[in-house]
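# Examination of the molecular architecture
Letter by letter, the chains look like this.
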Amino acid sequence: MNGTTTESITESARDVVIVGSGVSGLSAAVYAARADLDPLVLEGPEPGGQLTLTTEVENYLGFPEGVGGMELLQRGKEQAERFGATFERATVESAHLEDRPFALELSTGDAIETRALIVATGASARWVGAENEDELMGYGLSTCATCDGAFHRGDDVLVIGGGDSAMEEALFLARFAESVTVVHRRDELRASDIMARRARDHEKISFRWNAELLEIHGSRDDGVTGATLVSHPDGYPKDRYQDGDGVDLETVEIGGIFYGVGHVPNTDFLVDTPVPLDDEGHLLTETGMTTKTAVEGVFGAGDVMDPDYRQAVTAAGTGSMAALDAETWLDELEATADFDAPLEAV
Ligand code: NAP
């Protein structure tokens, strides 16, 4: 430890570090800062998280006319800074959570220590595994209609998926594209009724049921020019194709493809730590109304710990809960002056 004593490390450790700067991280920062915990927010590789990719948020309480995703985030950051939260453009490369205080190694090369850690790292867009997707992502293939939709004025485009994200992408793309075809692997949408109805009622949007994307055609110079779709009347055609079952293959000419097939939680940096994750990688919190994890002092907030609701407003809610839980835990720690006690077995 370069001659530094445990005592001085403990003194230099922060009370709270929040990893992630989406809605949940910002909400945690507002609460932690107002509690005088001087939180540091590590903004991560995509500052602001998924909401930066949303144009209009219509269901966040208090905005009857809707609010832009970027505006909501910017205002949240200003609110957190007003109470004293600080922000750093850094990602956690590795976390050492076996001993107290916790130690984090950052992408900036810095190492920091903290007594409480709030994980609010959100989730990133899932890819479908079609041939050529590595090559063409960003070249006519996208996971973000609001970012790239305007490049497809007059194009015929595909949207892959059957949930709310896919419907939202399709509706946004319909502003620019000549036609939007939603390709879904079965014949029933997962999307909410209101989103499904809007998409179904839109004259530019049509549906290819029981179909999946097998291969993307094109090049980085020409962009996406077409796709091979696989279909089967009973759904999940790609599995059947891989099993050697009879399926239909079809080539379509299109100018863009957008993935809207959900997200995977950003928990890679926790894989080798004692913090438990579920099979999909979500951070597991204890049962009941809490953001505590099985590792005392580590709390989870937002989409990284929420496979079910995943709304901006619920992310804000769990962010505030995580800060309150961290505050209570720090108070208890201070009361017992037990900063250096070994962690309880997980
Ligand atoms: P989701 O609800 O998990 O839907 C993912 C969709 O992609 C499903 O239809 C799924 O098919 C399909 N899919 C998954 N992996 C696939 C693969 N490898 N190949 C082909 N298709 C695949 O995810 P989401 O749409 O991102 O929504 C997540 C949450 O955010 C939901 O709670 C949603 O309500 C919310 N959300 C809300 C809004 C809004 O209200 N404006 C907008 C976006 C998201 P299956 O159905 O067959 O599983």
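Residues numbered from 1 in each chain as written. Predicted model: local features only at pLDDT ≥ 70, side-chain atom pairs only at ≥ 80, totals over all residues. Heavy atoms only, no water.

### What about the packing of aromatic side chains?
With the rule as written, the count across this model stands at four aromatic pairs. Ring geometry for F207 against W209: centres 5.0 Å apart, planes inclined by 5°, an arrangement best described as stacked. Exposure remark for W209: the relative accessible area of 27% places this residue in the partly exposed category. Here the aromatic rings of F299 and W329 are separated by 6.4 Å at their centres, their planes lie at 70°, and the arrangement is edge-to-face. Here F299, found in strand 19 (residues 298-300), pairs with W329, found in helix 9 (residues 312-336); they are 30 residues apart in sequence, far enough to count as distant. Residue F299 shares its accessibility class with W329, and that shared class is buried. Of note, R34 hangs over the ring of F83, and the distance from its end group to the ring centre comes to 5.4 Å. We note R200 situated over the ring of F207; from NZ or CZ to the ring centre the distance is 5.8 Å. (Phe/Tyr/Trp six-rings, centres within 6.5 Å; stacked < 30°, edge-to-face > 60°. Buried < 20%, exposed > 50% of the residue type's maximum accessible area, 1.4 Å probe, protein only. Helix = DSSP H or I, 4+ residues; strand = E, 2+ residues; numbered from the N terminus. Lys NZ or Arg CZ within 6 Å of the ring centre and 35° of its normal.)

### Let's talk about the nonpolar core
The biggest cluster of nonpolar side chains holds 34 residues, and the ones touching the most others in it are I18, V23 and I118. If you list the elements that add at least two residues to this core, you get strand 1 (14-19), helix 2 (23-34), helix 3 (69-82), strand 8 (111-119) and helix 9. Ranked by residue count, the leading element in this core is helix 9, at nine residues. With near-sequence residues (within four places) excluded, V23 lies in contact with L51, Y60, L73, A312, A315 and A316. (Core = buried A, V, L, I, M, F, W, Y, C linked by side-chain atoms within 4.5 Å. Contact = heavy atoms within 4.5 Å.)

Read these as spatial facts, not as claims about activity.
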